[in-house]
2 protein chains.
Amino acid sequence: MYVGKNVNRVDAYDKVTGRARYTEDLIVSNAYTAKILHSTIAHGKVISIDTTEAEKVEGVIKIITCFDVPKHGFPTAGHPWSTDPSNQDKADRRLLNEHVRYYGDDIAVVIAKDEIACKQALELIVVEYEEYETIFDPVESLKEGKIQIHEDSPNNIIGHSKNIRGNFAEAIKEDGLIVVEGWYETPIVQHCHIENHIAYAYEEAGKIVVIASTQIPHIVRRICGQALDIPWGKVRIIKPYIGGGFGNKQDALYEPLCAFLTTQVGGHPVKLESSREETFVSSRTRHSMKFHIVSYIREDGSFAARKIEIYSGNGGYASHGHSVAGKCLGCFHQLYPCENIEGDAYTVYTNLPVAGAMRGYGIPQAMFAGESHIDDIAKVLGRDPLEYRLQTIMPKGYEDGFSKNVNYEDSFRECLKVGMEAIDYNKKVEEYKNQSGNIRRGIGTAVFWYNTGVYPISLESSSCRMVLNQDGSIQVQLGETEIGQGADTAFSQMTADAVGLRLKDVHIISTQDTDVTPFGLGAYASRQTYMASFAITKTAKILRDKIIERAYQLTNVTPHNLNIVGGKIIRKTDGKEFMTLGELATRTLYRPEDSEYITAESTYTIKNNAYSFGCSFAEVEVDISLGKVKILRLINVHDCGNLINPRLAEAQVHGGMSMAIGFALSEELKFNEKGRILNNNLLDYKLSTTMDHPELEVYFIENPEPTSPFKTKSLGEPPTCSPAPAIRNAVLNATGIGVNQCPLTPHVLYPLFKEAGLIDNQLEVE
Amino acid sequence: MYVGKNVNRVDAYDKVTGRARYTEDLIVSNAYTAKILHSTIAHGKVISIDTTEAEKVEGVIKIITCFDVPKHGFPTAGHPWSTDPSNQDKADRRLLNEHVRYYGDDIAVVIAKDEIACKQALELIVVEYEEYETIFDPVESLKEGKIQIHEDSPNNIIGHSKNIRGNFAEAIKEDGLIVVEGWYETPIVQHCHIENHIAYAYEEAGKIVVIASTQIPHIVRRICGQALDIPWGKVRIIKPYIGGGFGNKQDALYEPLCAFLTTQVGGHPVKLESSREETFVSSRTRHSMKFHIVSYIREDGSFAARKIEIYSGNGGYASHGHSVAGKCLGCFHQLYPCENIEGDAYTVYTNLPVAGAMRGYGIPQAMFAGESHIDDIAKVLGRDPLEYRLQTIMPKGYEDGFSKNVNYEDSFRECLKVGMEAIDYNKKVEEYKNQSGNIRRGIGTAVFWYNTGVYPISLESSSCRMVLNQDGSIQVQLGETEIGQGADTAFSQMTADAVGLRLKDVHIISTQDTDVTPFGLGAYASRQTYMASFAITKTAKILRDKIIERAYQLTNVTPHNLNIVGGKIIRKTDGKEFMTLGELATRTLYRPEDSEYITAESTYTIKNNAYSFGCSFAEVEVDISLGKVKILRLINVHDCGNLINPRLAEAQVHGGMSMAIGFALSEELKFNEKGRILNNNLLDYKLSTTMDHPELEVYFIENPEPTSPFKTKSLGEPPTCSPAPAIRNAVLNATGIGVNQCPLTPHVLYPLFKEAGLIDNQLEVE
């Protein structure tokens, strides 16, 4: 059995030797290069574009402007299609936009023989704009009388959802309630995957082929079809290895535009690659959000009622629309069950870069607000925040009414107890009481839950194909994608066990090609290992049945007494080995009287979801006068069910923790008053690096997930969710100051510390 | 219905615009180039190779010699594997050879950054040989006391088969028999496909990937596995569009070597492309053959007995081995049934380039001999050769004991009568009687039969996969290959009809990728349309059943009353249209409660073969003093069953006729006394071109083939089989001279005409 073992990544050798092939590696040498002209205003209308001089640049093939593209909108979100129009994503995007809605919007494209010609031409294009009022803040954007960024969205609202439970108005009348209220705010951050977005398109065999760095090839196919208004079967998407995505490549970014461009040059190959600077502005970001939380607490600490307002700034286009803020809103009543809730979430257009999916999909923001607020309550109540959580958090057996997810074990408390022991919580709390001086230490915790996939909101299905080779090895094809996270390795382990193979005889086809790869939705919602496991198990069963039927013909042993173990056909009763799978495959394929190429293919529709749980513990040291936070220890504890590959799971958590550290302490996109970005590069944008990390400590509680064939559930996004509030709460513990916005930079901390009188004026002057 | 219609080729647009991608178009820019060092002796042993100076050339990466490669043999023939060792091809080839067996054998390879460095290095390699005796003639090679070219092949015999029927020795004692005896000889020719052989290999995901211009990707995978002694599943072959093959690419040519080379440079991409000069010598050729035929004829023209001896020169390696000559031998008793036959066919090693498969697979040679011989008999009997054929040729209802092929209709006579009328045979025969002078005209005919595929000699199976897209279009994958002949178009037409689609909604996947393409044997033996039709029909049935089951769920109309017509679900009883296939596919795929990605895949084992028939009529004008033959008219008549695409069928026949004209009149490889080729280029090798062609006239008899779902049978190779003897017989008709060797060049004709006294000596002196 391979599931549960620390097998090496199946792509390790190719990736460390550099021979793994990414989109860039597949581009033919005579491909044209395309570069986009981005708007230099944040809101307005393109009146005219003069390309006369630009077209004279040697090597320029064609210039396409916003006046040359189809006039219909299409959506970009990487969600499954829905046959119910009310469930479809907002189709507010065009290939190029006359009405520009953020500084960096796409208004024209130069196609040229090389990048130099493109850049020369871009500089010679003259654009005339009509400028409109700009709005950068989502709360402002909602207000009456503001300019409407999209014609069909009054008050700039992309989505508004309510979460009403019980009777809030009555509940708050209860005597003796303690009211804790807070506003919390999170920044716009960017995914910063290593490989910027790149697509490469050409026409062939009556189709537009797009090779792209995407998480969602089958969805991108559909969106390209929509964008170009052609039948979806006329589009073929190929996804090779990609250098990270983190949700940014869960949108159709420039694949539709690239697909369109090749049609404008007779199907000649065209490459469209974003620079790092463009990636920061013109791909997607994490939503900045403002949370207003009011909790009505009884003296025993229990929740009588809660009010939650969420304002999510989505930038100039809808992308994933209201799904992210909607998911945030759904957190609160589940995490700390409360019978009376009044919640509102608004997703709002602004004139900033477009927010979309990013690892955690709103939960890092919700946890920053919600878990900060829990510590704020504990402080008001004079309770230890950990002990307070152990009292109030989701109980064992809790079932969510919507997703039908069940907390089968007492996972939260189990996780919290592991973390508590690991960090020696009680001792530290004692030790850090009553500190003074400039350097102070603190300890903090925070929890999260996460779903596994998107059921029942939208389609969850996975298809798989297995192909038996003459040597007994198999190819496995899935629409679920390797995006650096190690999915291919997990798929291979599960396949080996499900079929009865040696791991080395499983050849996972990493590249998705929508023409031949079974339909799958791709990498998002931490769905892949869970969802694929159903299709793998079902398909393996079909394959095994075919193999065993053939083995029966060859051995005359009844099928129910035959098994496939380690790539061999054995008799169950005595373990006798009859032949290798290779021998069986060869004899079956080359049998002139009855040849069979043994393959299996099936679709599994997944009609469940699964709760993942976890928590973080942070220990920090705060230099008060510098407003600087140093993380001494950071621990993540996860219950993601049984682990498929503990070492890969740990690596996954490390990555998420690193991303969360940046979110907590350093990362944010900055804009000037015109909406122009100030730090769209990796020098000025302070991505967290190993220099900022303590040793990242990871623990797992392996409560087997009953809905899953391999007892596993989501781990992709969960690690990003709780470290930031744990760090914030540790700073609170160290300093007494609850910081209600992240990142906790010196710019934020210093004024707060100063206001609180923690900073010695004398020291400051020196 | 599309079958039977002149639809445009599905690859026409891409091919005429030049955007169709061939192997060369897929090579990444940083690939290494490899070039082969060929032996400069025809037979001997490499004693040493000094690469010291060559390695100093800038850009040289590595030099591999015959001393560095695995020491085991492998076969190269593109035949299906057989689990019966006695049925397997001769494994007499190594990646590079110490024992060189023809002038041009492969002894070392330079891998360098570019071709220039390769060539510089090749010139600096110093090779020391021990030279052996050389043998160039197959009859000589058989003789006792000759040097043995391969250690395990006494008398240099690759294969010897006998065809003994009845009692020859008794039969020839019959009184009054007329004996007609002749020796006939055919040349070595080359396929001259436009695209030379090219392969491009790299390592990825634990596999060796080879992109190659081949007709037989799945077979090449197996052979690469054998050559490198690795599991076959570790090899992945990708076949894009190719620029012709004609049987030459029905061998594993340099794919195994290229696969090996990439393993020697850490999996880096390596390109190995043959030049035209190399293609002539170091790929494969058509077997030169010598036939000795003795016919014992009764006065009424019927055959009492026949003796046939065939000597086939195979060159230095076995390649397809004895199959070709074996097929020749099997012709004679079928074409003109005769109860007493004594036949021997020998395939023999010589020290010339290796003969392998070439369009017609021995039948053009057999027909040149056999049909020349029929005219020789007619001449002896004083009969009209056409009338004589109509008497003696295979009758309606004839069944071959081995292949079980049946001549269901009186196809030969039907074809001959069509040709006869088209060329106005009787009038011409009368007109060309009693000619004199230097310019004389004549008319000739010849027939052929051909099989469809290789059943029952080896495996015939075809697998197919169909994938339904959301727009109701489908992808079709087959292991049968488009090699320029239009197979993809025929497959698309059959698929459209079998499923019930519009042709434009059939997307044939032209590229085979052995990792994901269903197993198929590839393009050879004129098998593809016939064999694929079974797999297409079977797979379409599975796909239709799935679709109709879903349609039933959506309409509540019982499945037996539903049909798919023109991409729509209709009710059979009244033709009511319920929905398009696209609507059905979309609703099925995006159904959260029960999603299905509708695909179908199956293997069909073909256990029949099918006789194709036909004939050629030629009218020529001979300039006797110049020994020059001009073809005035050339007509091919074919019964290849029902036509899938008449226009493509006609094009196929045109190509075959052109190839046959070269074979008849101009093409042959020439060697000096050391076995070195003299004309390995398209200037000195006289390929037939349109300038040498009359208008090529094509007629079809469409006798429906009862074994085939679409009533079709082979047409790929047949057109090459009969024109050469028809031309030869026309020359005989014109001049009275039966020329027993081809090509009928002035070098051959002049001495014969002279000897026969046809040439005025005076004229000659002038």
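Residues numbered from 1 in each chain as written. Chains lettered and ligands numbered in written order. Predicted model: local features only at pLDDT ≥ 70, side-chain atom pairs only at ≥ 80, totals over all residues. Heavy atoms only, no water.

Quick look at the packing of helix α9 (residues 323-335) of chain A against helix α10 (residues 363-381) of chain A now. Residues and elements named next belong to chain A. Where α9 meets α10, the axes come as close as 9 Å, and the angle between the chain directions of the two elements is 45°. Here α9 lies oblique to α10, going by the angle between them. Viewed along their axes, α9 and α10 form a crossing whose handedness is right-handed. Between α9 and α10, the residues in contact are Lys327, Cys328, Cys331, Phe332 and Leu335 and Ile363, Ala366, Met367, Gly370 and Glu371, respectively. Of the residues belonging to the contact of α9 with α10, the class tally is 7 nonpolar, 1 polar and 2 charged. (Axes fitted to C-alpha atoms, helices over the stretch in contact; angles between N-to-C directions. Helix = DSSP H or I, 4+ residues; strand = E, 2+ residues; numbered from the N terminus. Parallel < 35°, antiparallel > 145°, perpendicular 65-115°, else oblique. Left-handed = near helix turned anticlockwise from the far one by under 90°. Contact = heavy atoms within 4.5 Å. Nonpolar A, V, L, I, M, F, W, Y, C, P; charged D, E, K, R; others polar.)

With that settled, the discussion passes to the packing of aromatic side chains. Across all of its chains, the model carries 38 aromatic pairs over all chains by this definition. Here the aromatic cluster, defined as three or more aromatic residues joined through ring pairs, consists of Phe412, Trp449, Tyr611 and Phe613 of chain A. Looking at Arg93 of chain B, its charged tip hangs above the ring of Tyr317 of chain B, at a distance of 4.6 Å from the centre. Against the face of Phe168 of chain B rests Lys307 of chain B, its NZ or CZ located 5.8 Å from the ring centre. (Phe/Tyr/Trp six-rings, centres within 6.5 Å; stacked < 30°, edge-to-face > 60°. Lys NZ or Arg CZ within 6 Å of the ring centre and 35° of its normal.)

So, about the pairing of strand β1 (residues 32-38) of chain A. All names here are of chain A. Burial within β1 is extensive, with 7 of its 7 residues counted as buried. Burial along β1 is two-sided: the face carrying Tyr32, Ala34, Ile36 and His38 and the face carrying Thr33, Lys35 and Leu37 are both buried. Across 3 bridges, the pairing between β1 and strand β12 (residues 270-273) is parallel. Along β12, the bridge assignment pairs Ala34 with Leu272. Examined bridge by bridge, β1 and strand β5 (residues 106-112) share 6 bridges and lie antiparallel to one another. Considered in β5, the bridge of Ala34 is made with Ile111. (Buried < 20%, exposed > 50% of the residue type's maximum accessible area, 1.4 Å probe, protein only. Pairing = 2+ DSSP bridges.)

As a further point, take the sheet that holds strand β24 (residues 599-605) of chain A. Residue and element names in this part refer to chain A. The sheet built from 4 strands is open, its strands ordered β19-β18-β17-β24 with mixed pairing. Bordering the open sheet on either side are β19 (506-508) and β24, each of which pairs with just one other strand. On average, each strand axis in the sheet is tilted by 20° relative to the strand beside it, whichever way the strands run. Pairing between strand β17 (residues 461-468) and β24: 7 bridges, direction antiparallel. Residue pairing for β24: Met466 is matched across the bridge by Ala600. Across the face of the sheet, helix α14 (residues 487-499) comes into contact with β17, β18 (474-478) and β19 while running at roughly 145° to β19.

With an RMSD of 0.1 Å, the fit of chain A onto chain B corresponds to turning through 180° and sliding 0.0 Å along the axis. Here the two chains are linked by the operation of a two-fold rotation axis. Comparing interface residues between copies, 100% of those in chain A also lie at the interface in chain B; the contact surface is shared. (Least-squares fit on C-alpha atoms with pLDDT ≥ 70 in both.)

Next up on the list: the interface of chain A and chain B. Facing the 57 residues of chain A at the interface are 57 residues of chain B. Carbon and sulfur atoms make up 50% of the area that chain A and chain B hide from each other, which totals about 5000 Å². Among the residues of chain A in contact with chain B, Arg21, Tyr590 and Tyr597 of chain A are the three that bury the most area, contributing 14% of the side total. We note a salt bridge from Glu204 of chain B to Arg21 of chain A, for which the minimum N-O separation is 3.2 Å. Scanning the region where chain A abuts chain B turns up 38 residue pairs in polar contact (both at pLDDT 80 or more). Broken down by secondary-structure element, the contributors of at least two residues to the side of chain A that touches chain B are β9 (198-204), α6 (217-228), β17, β18, α16 (581-589) and β24 of chain A. (Buried area = accessible area lost by both parts, 1.4 Å probe. Salt bridge = Lys/Arg side-chain N within 4 Å of Asp/Glu carboxyl O. Polar contact = N/O pair within 3.5 Å; in protein donor to acceptor, adjacent residues only side chain to side chain.)

Turning our attention to unusual backbone geometry. A cis geometry characterises the amide bond from Tyr455 of chain B onward to Pro456 of chain B, with omega recorded as 0°. Tracing the backbone through its elements, the reader meets Pro456 of chain B in the loop between β16 (439-450) and β17 (461-468). Of the consecutive residues Cys742 of chain B and Pro743 of chain B, the connecting peptide bond is found in the cis state with omega at 5°. Tracing the backbone through its elements, the reader meets Pro743 of chain B in the loop between α18 (723-735) and α19 (746-755). Phi is positive for Tyr361 of chain A, which is not a glycine, with a value near 45°. Along the chain, the position of Tyr361 of chain A falls in the loop between β15 (341-349) and α10. Positioned with a positive phi, Asn156 of chain B is a non-glycine residue whose angle comes to about 60°. Tracing the chain through its elements places Asn156 of chain B in the loop between α4 (138-142) and β7 (157-165).

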